[in-house]
Amino acid sequence: MHPVLVAPSLLACDFGHLHDEIRRAEAAGADWHHLDVMDGHFVDNISFGPAFVEASAAAARIPVDTHLMISRPDHYLGRFTKTSRNITIHVESDCDVSATLRAIRAAGCTCGISLRPGTPFSAIETHLDSVDLVLVMTVEPGFGGQAFQPAMLEKVRSAARLRSQKNLSYRIQVDGGINAETGAQSVAAGADTLVAGTSVFREPDMASAIATLKG
Ligand code: DX5
Ligand code: ZN
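First, a word on scope: everything that follows refers to the structure included in this document.

How each quantity is defined
The numbering scheme is per chain: residues are counted from 1 as the chain's sequence reads. The lettering of chains begins at A and the numbering of ligands begins at 1, in the order of writing. Since the coordinates come from a predicted model, pLDDT governs what is reported: local features require at least 70, and pairs of side-chain atoms require 80 or more to be given and counted, while whole-chain, interface and lining totals use all residues. As a rule here, side-chain values cover all heavy atoms of the structure and leave hydrogens and water aside. Only runs of H or I of at least four residues qualify as helices and only runs of E of at least two qualify as strands under DSSP, and these elements are numbered from the N terminus. The cut-offs for exposure are 20% and 50% of the maximum accessible area for each residue type, with area from a 1.4 Å probe on protein chains only; residues under the lower value are buried, those over the upper are exposed, and the others partly exposed. For the purposes of these results, a polar contact is taken to be a pair of N or O atoms within 3.5 Å, where, inside protein, one atom must be able to donate a hydrogen and its partner to accept one; residues adjacent in sequence count only when each atom of the pair is a side-chain atom. Note on definitions: a residue-residue contact is assigned when non-hydrogen atoms from the two residues lie within 4.5 Å. Counted as donors are N, O and S atoms no farther than 2.8 Å from the metal, or 3.2 Å for Na, K and Ca; water is not among the atoms, and sites may therefore look incomplete. Each label reflects the angles at the metal, where four donors whose angles all fall between 85 and 135 degrees are tetrahedral, four or six donors whose opposite pairs open beyond 155 degrees and whose other angles stay between 65 and 115 are square planar or octahedral respectively, and the rest are irregular. Between any two strands, pairing holds if DSSP finds at least two bridges. With axes taken as lines fitted to C-alpha atoms, and helix axes fitted only over the stretch in contact, angles between N-to-C directions fall between 0 and 180 degrees. This arc corresponds to the set of directions leading from the helix axis out to the C-beta atoms.

Here's the deal with the side chain of Asn 86
Then comes step 1: Mapped onto the elements, Asn 86 comes out in strand 4 (residues 86-90).
Then comes step 2: Judged by its relative accessible area of 4%, Asn 86 is buried.
Then comes step 3: For Asn 86, the side chain forms a polar contact with the side chain of Thr 88, separated by 3.0 Å.
Then comes step 4: Excluding its chain neighbours within four sequence positions, the residues that come into contact with Asn 86 are Val 64, Asp 65, Thr 66, Thr 110, Cys 111, Gly 112 and Leu 133.

Side note on the coordination of the zinc ion (ligand 2)
Then comes step 1: The zinc ion (ligand 2) binds to the protein through His 34 (NE2), Asp 36 (OD), His 67 (ND1) and Asp 175 (OD); the donor distances cover 2.0 to 2.3 Å.
Then comes step 2: Coordination at the zinc ion (ligand 2) is irregular, judged from the six donor atoms that bind it and the angles of 64 to 163 degrees they form at the metal.
Then comes step 3: Ordering the donors of the zinc ion (ligand 2) by residue number gives the pattern H-x1-D-x30-H-x107-D. Taken together, the positions of His 34 in strand 2 (residues 33-38) and His 67 in strand 3 (residues 64-69) put the pair 33 residues apart, joining distant regions of the chain. Each member of the pair, His 34 as well as His 67, is classed as buried.

Here we look at the sheet that holds strand 3
Each strand in a sheet pairs with another by means of backbone hydrogen bonds, the pair being arranged parallel or else antiparallel.
Then comes step 1: Across the sheet, which stays open at both edges, the eight strands sit in the order 1-8-7-6-5-4-3-2 with parallel pairing between neighbours. The open sheet has two edge strands with one neighbour each: strand 1 (5-8) and strand 2. Taking the axes of each pair of neighbouring strands and ignoring which way they run, one obtains an average angle of 25 degrees across the sheet.
Then comes step 2: The pairing of strand 7 (residues 171-175) with strand 8 (residues 193-196) spans three bridges and is classified as parallel. Bridge assignment links Val 174 to a residue of strand 8, and that residue is Leu 194.

A word on helix 2 (residues 50-59)
Then comes step 1: Buried within helix 2 are the following residues: Phe 52, Val 53, Ser 56 and Ala 59. An end-on view of helix 2 places all buried positions within 130 degrees of arc, on one side of the element. Residues of helix 2 that are exposed and point over 90 degrees away from its buried face: Ala 51 and Ala 58.
Then comes step 2: Here the buried face of helix 2 lies against helix 1 (18-27), strand 2 and strand 3.

Side note on the environment of Val 134
Then comes step 1: As for its placement among the helices and strands, Val 134 is situated in strand 6 (residues 133-137).
Then comes step 2: Taking the relative accessible area as the measure of exposure, Val 134 reaches 0% and is therefore buried.
Then comes step 3: Sequence separation of Val 134 and Pro 8 is 126 residues, and the distance between their C-alpha atoms is 17 Å.
Then comes step 4: Filtering out sequence-adjacent residues up to four positions away, Val 134 remains in contact with Ile 113, Phe 121, Ile 124, Leu 128, Ala 159, Tyr 170, Arg 171, Ile 172 and Gln 173.

Given below as structure tokens:
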């Protein structure tokens, strides 16, 4: 339905050379920059906040895709809307999810809904007709470099099946442990947007890593 896009996660880049890493990802064929914001509450890690996203967006020539792994996305939303093209929030976050998704669109961004590996797909079903993207987490959110959880492919299939049943058009994104092999499995299950940190930034030939992910 959608062409496969690759969104390298800047969490895995060399923060000391952020501008160069952004250029390197773009030159290698990245479609979006994926920015993982973590608050130390929603997940057991603190990554970076609005200032880092702003610095990335200022350097970026492709869309910024912001993944909010924070407890109160409704409260912090306004600090990301000017710098992001898409903003994804978690269904498990401590806010009115429907209202927050509407607020993201009202601010001029596209919106995504995500769920942790332990959350059943049914938890996001009521939001499917209000989102531009469904992000199926294929690892427990919080850290890069973890192993892909194959059981999550069933959620990707559910997202694809319901999209066609309901005549919707959201993108289906996977995030966590994505490499050539797990990326291909995800695309076969219906994913069209691949987030990859380690397998892209730690690969000397980034262009070939991205080309392989795109199939
Ligand atoms: C995990 C983040 C991911 C992570 C992916 O909480 O949402 O975007 O950076 O990293 P890899 O590809 O290394 O699993
Ligand atoms: Zn992410």
